[in-house]
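As a plain string of letters, each chain reads:
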Amino acid sequence: MDAASKKAYIIAIMVQVILTGMSVITKAAFDAGMSTFVFVFYRQAAGSVLMLPLALILERKNAWSMPFAWLLKLFLCALIGNTLSLSLYNVSLKFTSATVAAAAGNSMPVVTFCLALLLRMEMVKLRSASGIAKITGVALCLAGVFAIAFYSGPALSPVNHHRAFATHASGSSHANASSKTTWIEGTFLMLLANAAWSLSIVWQAVLLKELPNRMVVATALCVFSTVQSFFVAVAAERDFSRWQLRLDVSLLAIFYAGFVVAGVSYYLQAWCVEMTGPVFFAVWTPLCFVLTIFCSSFFLGEIVHLGSVVGGILLVGGLYSVLWGKNKESQGATCSQMNMMDCCAQDEDEKPNTYELEEATSSTSAGEHV
């Protein structure tokens, strides 16, 4: 294994550790009383403070030359993929647990595949192994979501009974009928959040073809989302005492999500995907689920239910099934491209013979002239 491969493995693991920390710290902030909508605004504002100066320094010409049509597309993409997705995600995280949030993260590639299929950006060959694997992945993903939502199962005792964050244990959400309803709603809100985020990813792929500048696109999405989430938070939280920042876990969560996640992890993720491809990075997604089960139990004292673990395993199975199908298709496409190149090479090999015949004919003609 060369140095670049080792670095890719280390970075992929680091990103999953950072995302684990985000789920646990954010959940602790919500349990402490932080408003989910205010949190989204502060998080996006922190990300904008970090990214906007860099974009103005590095991409000043490209930023000011964007036409209004592109700005409108970026505004709508930010509304769906950032403002709506983060708002749904945080409300769901408040209703459920950090474990559910990490487990649902494994459904992202599956949901993205379904959206790409509906938009005719993907194709499924039902008679091929890759097509069967993709359909199986979608079925496992749905089974995982329903298992998390409707099956509690026995509770797994927390690893640490002395929590690092002084909040109530949220894992006991299945205690009564009302909390059971809240848990189900939170689970499906998480699925909707992933669907909104996946839709924005598909849309961003189209936008980057028109505007191939990641820095400008990412900064514009973050700034637009800051403005949008501000108006959402003002409409949702009329009590401005809930906007006050205190020196507690809420402030830590804002800085962590705004600077460490938006600044550090997104850069590392982009580097890893560019070096190794999206499949390599996606394979490491289940690590976040495993780490979150341990960390949420250790730091938050969450009571993890068997249903969440079973649902998470089904979601991981769906993820790997879809990734295997995509990889199988990529290998088939590579083989067909190589076959086409071989055919072209054979055609090229035949052309010199024709050229030699023409050259011989021309030299004969030249001899006649002499």
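Structure's up top.
Conventions adopted
Residues numbered from 1 in each chain as written. Predicted model: local features only at pLDDT ≥ 70, side-chain atom pairs only at ≥ 80, totals over all residues. Heavy atoms only, no water. Salt bridge = Lys/Arg side-chain N within 4 Å of Asp/Glu carboxyl O. Helix = DSSP H or I, 4+ residues; strand = E, 2+ residues; numbered from the N terminus. Buried < 20%, exposed > 50% of the residue type's maximum accessible area, 1.4 Å probe, protein only. Expected span 1.5 Å × (residues − 1). Patch = residues over 30% accessible without salt bridge, like charges linked within 9 Å, V, L, I, M, F, W, Y side chains within 5 Å. Areas by Shrake-Rupley, 256 points an atom, 1.4 Å probe, with all protein chains shown as cover. Disulfide = S-S within 2.5 Å.

The next thing to look at is the pattern of salt bridges. Tallying each qualifying case throughout the model produces two salt bridges. K27 is paired through a salt bridge with D31; the nearest N and O atoms lie 3.5 Å apart. A residue pair is termed a helical-turn pair when its members lie 3 or 4 positions apart in one helix, as K27 and D31 do in helix 1 (residues 3–31) at four residues. E237 serves as the salt-bridge partner of R242, at 3.5 Å between the closest nitrogen and oxygen. Classification of R242 as partly exposed rests on a relative accessible area of 31%.

Right, let's get into helix 9 (residues 214–236). When the terminal C-alpha atoms of helix 9 are compared, their 32 Å separation across 23 residues agrees well with the 33 Å that a helix rising 1.5 Å per residue should span. Of all the residues in helix 9, the buried ones are V216, V217, T219, A220, L221, C222, S225, T226, Q228, S229 and A233.

Residues F68, L72, F75, L76 and L79 make up a contiguous nonpolar surface patch of roughly 460 Å² in combined accessible area. Along the chain, L79 turns up in helix 4 (residues 68–95). Overall, L79 belongs to the partly exposed group, its relative accessible area being 37%.

A few words on the state of the cysteines. If you walk through the whole model with that rule in mind, you get zero disulfides. Free cysteine C114: the closest other cysteine sulfur is in C141, separated by 7.1 Å.

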